[in-house]
Amino acid sequence: MIEIGSYMGESTMLFGCSQLFNKIYAIDPYKGEEKFNKIEGHTWEDIKKEFFINTRHFDNIELIEDYSYNVVDNFEDKSIDFIYIDGEHDYESVKKDIELYGAYLATET
């Protein structure tokens, strides 16, 4: 599976606990503007540390520290069973992720 927007790894941990996925690719650049970081005084280093704490029990999680649109070519067509999109939350960004990653979803015939 692919998770776009992993942040602190809380949902990544839940996907790991489900034991449904052989491999979980967590994609997050850990940079840019984030309202919650400003409100709570967190740095991106703090957030990434929290990600590794939350996912420490799973050896099938791979963090890809980049923007989703930069790493889309890392995957083979029809090789992904599930994509969870939780990166940028505006319409255009979500639409872009759907368009970019749609071809990678495995489908039954």
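Above: the structure in question.
Summary of the structure given here. (Residues numbered from 1 in each chain as written. Predicted model: local features only at pLDDT ≥ 70, side-chain atom pairs only at ≥ 80, totals over all residues. Heavy atoms only, no water.)

**Considerations on the overall build of the protein**
Under the convention used in this document: The secondary structure listing takes helices from DSSP runs of H or I that are at least 4 residues long and strands from runs of E that are at least 2 residues long, numbered from the N terminus. Both definitions apply: the radius of gyration is a C-alpha atom measure, and the globule rule equals 2.2 Å times residues to the power 0.38. Think of it in three bands: residues with accessible area under 20% of the maximum for their type are buried, residues over 50% are exposed, and the middle band is partly exposed, with areas taken using a 1.4 Å probe on protein chains only. Only heavy atoms enter the contact rule, under which two residues are in contact if any of them lie within 4.5 Å. Only the protein chains shown count as cover for residues, with accessible areas throughout obtained via the Shrake-Rupley method and a probe of 1.4 Å. This count recognises Lys and Arg as positive and Asp and Glu as negative, with His and chain-terminal groups excluded. For the purpose of locating charges, the reference atoms are NZ of Lys, CZ of Arg, CG of Asp and CD of Glu.
When its secondary structure is counted, the protein shows five helices and four strands. For the protein, the C-alpha radius of gyration of 14 Å lies close to 13 Å, the compact-globule estimate for 109 residues. With the principal axes as the frame, the protein shows a C-alpha extent of 50 × 35 × 20 Å. The 109 residues of the protein split such that 35% are buried. Counted over contacts in the protein with a minimum sequence separation of 6, partners at least 24 positions apart contribute 69%. Accessible surface, the protein as shown: approximately 7,200 Å² in total, 49% of it carbon and sulfur. One way to put it: in the protein the 10 positive side-chain charges average out to a point 4 Å from where the 24 negative ones average out.

**Remarks on the sheet that holds strand E1 (residues 2-4)**
To keep it simple, the criterion reads: Following DSSP output, two strands are said to pair if at least two bridges run between them. Here, axes are lines fitted to C-alpha atoms. For helices the fit covers the stretch in contact, and angles between N-to-C directions go from 0 to 180 degrees.
Taken in spatial order, the four strands of this open sheet run E3-E2-E1-E4, and their pairing is parallel. At either end of the open sheet lies a strand with only one pairing partner, and these are strand E3 (61-64) and strand E4 (83-85). Within this sheet the neighbouring strands show an average axis-to-axis angle of 15°, counted without direction. Summarising the sheet, E1 and strand E2 (residues 24-27) pair through three bridges and their orientation is parallel. Within E2, the residue paired with isoleucine 2 across the bridge is tyrosine 25. Running at roughly 175° to E2, helix H1 (residues 10-18) makes contact with E1, E2, E3 and E4 of the sheet.

**A short note on the nonpolar core**
Just so we agree on the cut-off: Here, nonpolar core refers to any group of buried Ala, Val, Leu, Ile, Met, Phe, Trp, Tyr and Cys residues whose side-chain atoms link them within 4.5 Å.
Within the largest apolar cluster, 13 residues are counted, with the highest numbers of intra-cluster contacts made by Ile24 and Ile47. Sorting the residues of this core by element identifies E2 and helix H3 (44-54) as the ones contributing at least two each. Tallying contributions element by element places H3 first for this core, with three residues. Counting 11 residues, the second largest nonpolar core, distinct from the first, contains Ile2, Val71, Ile83 and Tyr104.

Shape is all these values report; function is a separate question.
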